[in-house]
Every structure is written in structure tokens, then in C-alpha cells.
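Summary of structural features
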Amino acid sequence: MKVAIVTESFLPRVNGVTNSVCRVVEHLAGCGSEVLVVAPGPGPGGHAGQPVRLTRGVALPFYRSFVVGVPTRQVTAVLSEFGPDVVHLAAPVTLGASGVAAARRLDVPTVAVFQTDVVGFARRYGLRGADHLVWAWLRHLHEQADRTLVPSTPTLDLLRRRGLPRLALWARGVDDRRFHPRHRSAELRARLAPDGRLLVGYVGRLAAEKRPSLLRHLADLPDVRLVVVGDGPAGRRLRRILPEAVFTGFRTGRELSELVASLDVFVHTGADETFCQAVQEALAAGVPVVAPAAGGPLDLVKPGYNGLLYPPDDAASLRAAVARLVADAPMRRRMAAHARLSVRGRDWDTVCAELVGHYHAVRSGRSERQAA
């Protein structure tokens, strides 16, 4: 199969969209498919032996590391030259609009992946009056796709209420070798907390949409060392309000594997997650999770089994949930044992095989409609 992936984000920017696109490209290439990635630049010219065609990208003025693709008819020429059997639209908003338009011009079936809560993102940056316009635009884009894949049941329910058609559930995979309890490091733990305090950690972008400022409510918990892994525009302010926390900056590879597995409790603060890969990775590493009872974490965190949930806007409940786990070692151990079990069978090969099934389904559906 020849698959063109038009994505709103790609390397060197690292986020949920980039991560899932990279895993899909690697899986498809490994199965013998041809893949073309179309993404906003700057970026690499290829990935996993497959070509990447870069289009113009513009950094958001309030978030310089967040690049938005500029819509362009160049996408039509690129896809026409490649001749895809299916077009995969990763989190379509701006460049994705060019992708779906190009696919329609070329009469190629499309699978759109709804992955970013654009409405929530806009709201966190002060565009509160734009909800109706953003939803109208998203509905316009997804109405043109043959199928829209949604990563969690809460997001699926939301999109149904908003009138988006032809929806199907497709979760995200996790690298269960990279995120594994065996990466827990006594040496790292001793460096982070020489006095033996428990490690409570956050991993993710330090940006308004992730609400990391909520971590200040955990700063003075007894016997706790707060660890913050990541970078972003809110980083400087967080360092001021959390002077006792350990800030590691952005980490990947083995460093990230060890950091996640070495935590005693993983905390997530974002309330606009369509899935939340960071939570799934922590669970795969055998770490109990405390997360907001909203969006994707509702599918991942089972209260009392592998973690605890708190009302998204209730900082006191966040603090109480973390304090409860810190104070109860048997509960932490029990939840840690359940954490990895709760994401069993979610490896990327399994999840990508499901995606290929969706590709075949939209191709078959298009062929049947054309024959009729």
C-alpha cells in the first residue's frame, strides 16, 4: 500500500502527534508499504527510510516551539506525484485542510485522526469566544474525510454530540520495552532525592494548555520531591514558583525511560487531553497515576486500581489524591503492579495493525461506492 500522511506536526518537534506519526511510518515501512510524510518545516527530509516533504511552517508568536503549517495547493502536486492509495490526515487543522482538499481532487480515500483538542488549546490561550468557529471548522474538515479515528471514548462521545460523522475508536500505542519497570534506577533516585523522599513527577510540555502551575499545590507535601520533566514557554515561571522541585528539562531515550520508571507517583495536570500518551507511558513503566477526570485519562486510569482521578478544576482534590498515595505504601505497590497490566496489548504493532484495517476499510468502501 502507498500511504501519504499529511501531519500538522513532525520532527524535530516532539509531541503526541509527532510521536504517533513516527510510529505509524515505522510500522508501515517495516511491513513493506511506501509512505510519504507531508509536514510543516523546518524538519528532516526523511524518516525510517521514507521521504518527508516539507511545506511552509510558521511559529506561533506566543509559543515559538509550536509550528503551524500554512495551507498550500502544493500538497495536491506532491500527492499527485506520489500516487497514494490512502491519505492519512494527522490532527488536521491548517495543513490538514490542504491534505483533505488534495485527496478529494485526486479522488483518494482519507482517514482523519482527531488527536488535538484545538478548542481547549485556543481557550487556554485566551480565545474563549472562538469555540463555535473552531468547532465549525473542525466539522467542515472531518465531514470531508471517509473516516475519523478518535483516541478515547470521552472524545468519541464529544465528537458525536458535535455532529462529526463516520467516527471510529483508535487508541494510541505504547512502547512497552522503552517504558518498563526494569528501567527503575536506584542511582537516579538517590541523585534526585538523596534524603530518600518519594518522587512525584510530571512529564510533558510546560505550557498553558497542560496547566502545570497546578503542581504548586504539591510543592510542600511532606516526604515528597517534585520532579518536572519537559520544557516550554511556562518553564521560567514554574521554576520561580517551584524552587525546591527538580527540573530536568526535555529528555528522551534512555534518560526518559529511567526518569519515568523511577517515579513513585506520576501526576498529570492537563484537562484537555484527547488521549494522554504520557499517562499511558507511566502506566507501562509500572507507576501509579493521578490525573484529571476528563478526556483521555478516563479510559486509562481506573480509580483504586492503577491510580486516582480528581475533578479537573479542584486543586485540593489533586493534592489529596497525591497525599493519599504518598502516605500508603501498600496501595502504591498494588497500583504499581496493576499499572502495567492495564496497558497490556497496547503495543504499537498491534495498534498500527488496527490502523491498517481502517485504511483497507475506507479503500473498500470507496471502491464499492464507485462500482455502484
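See the structure shown above.
First, a word on what this report is: a plain description of the structure on this page.

So, about the pairing of strand β2 (residues 34–40). β2 sits mainly inside the fold: six of its seven residues count as buried. Bridging between strand β1 (residues 2–7) and β2 involves five bridges; their strand directions are parallel. The residue bridging Val6 from the neighbouring strand is Val38, located in β2. Crossover connection from β1 via helix α1 (residues 16–30) to parallel β2: handedness right-handed. As judged from the four bridges shared by β2 and strand β4 (residues 50–55), these two strands associate in the parallel manner. Bridge pairing in β4 places Pro40 opposite Thr55.

Throughout the structure, instances matching the rule amount to zero aromatic pairs. The lysine or arginine in question, Lys2, covers the ring of Phe82, its NZ or CZ lying 4.7 Å from the ring centre.

Now for the packing of helix α2 (residues 74–82) against helix α3 (residues 95–106). Relative orientation and spacing of two packed helices are given, respectively, by the angle between their axes and the distance between those axes. Relative orientation of the contacting elements α2 and α3 amounts to 50 degrees, with a least axis distance of 8 Å. Between α2 and α3, the angle is such that the two are oblique. Judged by the twist between their axes, the crossing of α2 over α3 is right-handed. Of α3, the residues touching α2 (which contributes Val75, Thr76, Leu79 and Ser80) are Leu95, Ser98, Gly99, Ala102, Arg105 and Leu106. Classifying every residue of the contact of α2 with α3 by side-chain character gives five nonpolar, four polar and one charged.

Turning next to the nonpolar core. Core analysis: the biggest nonpolar cluster contains 31 residues, and Leu192, Val227, Val260, Phe266, Val279, Leu283 and Val289 have the highest contact counts within it. Residue assignment for this core shows that the elements contributing at least two residues are α7 (186–192), β11 (198–203), β12 (224–229), α9 (253–261), α10 (277–284) and β15 (289–292). Setting aside residues no more than four positions away along its own chain, Phe266 makes contact with Gly201, Val203, Ala278, Val279, Ala282, Val287, Pro288, Val289 and Val290.

Let us look at the pattern of salt bridges. In this structure the tally under the stated criterion is 14 salt bridges. For Asp264, the salt bridge is made with Arg184, and the minimal N-O distance between the two is 2.9 Å. With Asp264 in the loop between α9 and β14 (265–267) and Arg184 in the loop between β10 (167–169) and α7, this residue pair connects regions lying 80 residues apart in the sequence. Classification of Asp264 as buried rests on a relative accessible area of 9%. The class of Arg184 is partly exposed, set by a relative accessible area of 38%. Here Lys210 and Glu273 are joined by a salt bridge, their closest N and O atoms 2.7 Å apart. Placement of Lys210 in the loop between β11 and β12 and of Glu273 in the loop between β14 and α10 is noted, with a sequence separation of 63 residues between them.

Rules of the game
Residues numbered from 1 in each chain as written. Predicted model: local features only at pLDDT ≥ 70, side-chain atom pairs only at ≥ 80, totals over all residues. Heavy atoms only, no water. Buried < 20%, exposed > 50% of the residue type's maximum accessible area, 1.4 Å probe, protein only. Helix = DSSP H or I, 4+ residues; strand = E, 2+ residues; numbered from the N terminus. Pairing = 2+ DSSP bridges. Right-handed = clockwise from strand over helix to strand, strands pointing away. Phe/Tyr/Trp six-rings, centres within 6.5 Å; stacked < 30°, edge-to-face > 60°. Lys NZ or Arg CZ within 6 Å of the ring centre and 35° of its normal. Axes fitted to C-alpha atoms, helices over the stretch in contact; angles between N-to-C directions. Parallel < 35°, antiparallel > 145°, perpendicular 65-115°, else oblique. Left-handed = near helix turned anticlockwise from the far one by under 90°. Contact = heavy atoms within 4.5 Å. Nonpolar A, V, L, I, M, F, W, Y, C, P; charged D, E, K, R; others polar. Core = buried A, V, L, I, M, F, W, Y, C linked by side-chain atoms within 4.5 Å. Salt bridge = Lys/Arg side-chain N within 4 Å of Asp/Glu carboxyl O.

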